[in-house]
Amino acid sequence: MSTKKFTALLAGAAMSALAVSAALAAAASPAAGAYKAPLNAHGQPDLEGTWTNASLTVLERPKEYGNRRAMTGEEVKKVEGDDAKLMADGNKPTDPKVKTTDLPHDCGRGFSGAGCGYNSAWIDPGSTVMRVNGEPRTSFITDPADGHLPPYKPGVVQTSMYVRAHYGENPENQTLAERCLTSFGYSAGPVMLPLLYNNNYEIAQSKDTVAIVVEMVHDVRIIHIGAKHRTDGARPWMGDSIGWYEGPTLVVETTNFPEATALRSAWKELKVTERFTRVGPHRILYQFKAEDPTVWDRPWSGEYEFSSSKGRIFEYACHEGNYALEGILSGARADEAAAAEKAKAAAANKTAAATPAANGTKKQ
């Protein structure tokens, strides 16, 4: 082979390698060759505004979709159509004489019985499937490929406040949500996930801080730009978040979670990495990765898009007219009283059975 031909081949190979590298970089960057986010007064990508993640798509993929990341057009029509019917049924007048025991066994979205007591006016779960760059998604989780959380490590106990000892004993034993202290579910995150209603967020930026106001339950996530994780042992309810900018993307890393806001049983060694990239005038691509080597076999990750939310966020008055917590504690007291009466009756019967009858007994 001549020197000229060999040199030309090397040049061609180098150009091919550069083309492949460029293609990979473009695929990895959500903003590559697309929308250019505006900058704020500090030269940072401008993420400010009011946003919503309300969606009919869920975190873990329903089994019928298998390993498919996207829905077909027919599947989208069915999911969105079925939800529209649920909303219409929920908007019908409710007979005031209906009792809790008369509520349907299954009213959709995983609710049944007493959970069906909400009319549609009180909820706002979203009416459309989540789309990422226009693609209708079957789940938020994209890795593992089946759209599910990875297996738990042997011996890991999946805990819940509702099964802990002393639940209902006093207010301090109740969940933070029941006490109106922080989000129901995992709205504030991280990972930030939509709920049955109040799926709105407001982002405010300064030079060294990003604040995310969470409508449910008036939480505020504070992200310190360019900071280091705290080492004083404190574990804030939503973890310890630090952040930095990578081009058009805000990257947030959160550690030091408390057990009270564990993410699917992970908290002590949990690390969540989030990426916020504005990909359109009314869209923010939200990507997340959760890892805890003591809880899961491997990390898991996913993505969805925030869209612009009209209007502003008002205070969520969680305790206004709320008698649920009082009812929970009163119910626990009633159960305790009933158990005490039962134990007292059992003890009396046991004593009576062990005592000889006095009447008719004569000494010899």
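Residues numbered from 1 in each chain as written. Predicted model: local features only at pLDDT ≥ 70, side-chain atom pairs only at ≥ 80, totals over all residues. Heavy atoms only, no water.

### Comments concerning the overall build of the protein chain
Basically, it comes down to this: Note on conventions: DSSP H or I runs of at least 4 residues are helices, E runs of at least 2 residues are strands, and numbering of each starts at the N terminus. Note on exposure labels: buried denotes an accessible area under 20% of the residue type's maximum, exposed denotes more than 50%, and partly exposed covers the range between, all computed with a 1.4 Å probe on protein chains only. Only heavy atoms matter for contacts: two residues are in contact if any of them lie within 4.5 Å across the pair. In this description, accessible areas are obtained by the Shrake-Rupley approach with a 1.4 Å probe, and a residue is regarded as covered only by the protein chains that are shown.
Across its full length, the protein chain carries three helices and twelve strands. Burial analysis of the protein chain (364 residues in total) assigns 36% to the buried set. Relative to all contacts within the protein chain whose residues are 6 or more apart in sequence, the contacts with residues 24 or more apart total 60%. Of the accessible surface of the protein chain, which amounts to about 21,400 Å², a share of 57% is contributed by carbon and sulfur atoms.

### Digging into the environment of Ala88
Structurally, the position occupied by Ala88 is in helix α2 (residues 73-90). Residue class for Ala88 comes out partly exposed when judged on its relative accessible area of 41%. As a C-alpha pair, Ala88 and Asn119 span 31 residues in sequence and 9.7 Å in three-dimensional space.

### Focus: the side chain of Asn198
Mapped onto the elements, Asn198 comes out in the loop between β4 (141-143) and β5 (200-205). Look past the residues within four positions of Asn198 in its chain and what remains in contact with it is Glu215, Met216 and Tyr316.

### Quick notes on unusual backbone geometry
Peptide bonds are, in most cases, trans, and in most cases residues other than glycine have a negative phi. Here the residue pair Gly189 and Pro190 is connected by a cis peptide bond, since its omega of -15° sits within 30 degrees of zero. As for its placement among the helices and strands, Pro190 is situated in the loop between β4 and β5. Along the chain, Met216 connects to Val217 via a cis peptide bond; the corresponding omega equals -10°. In this fold, Val217 is placed in the loop between β6 (209-214) and β7 (219-225). Look at Arg264: it is not a glycine, yet its phi comes out positive at around 50°. Examined against the element boundaries, Arg264 turns out to sit in the loop between β9 (249-255) and β10 (271-280).

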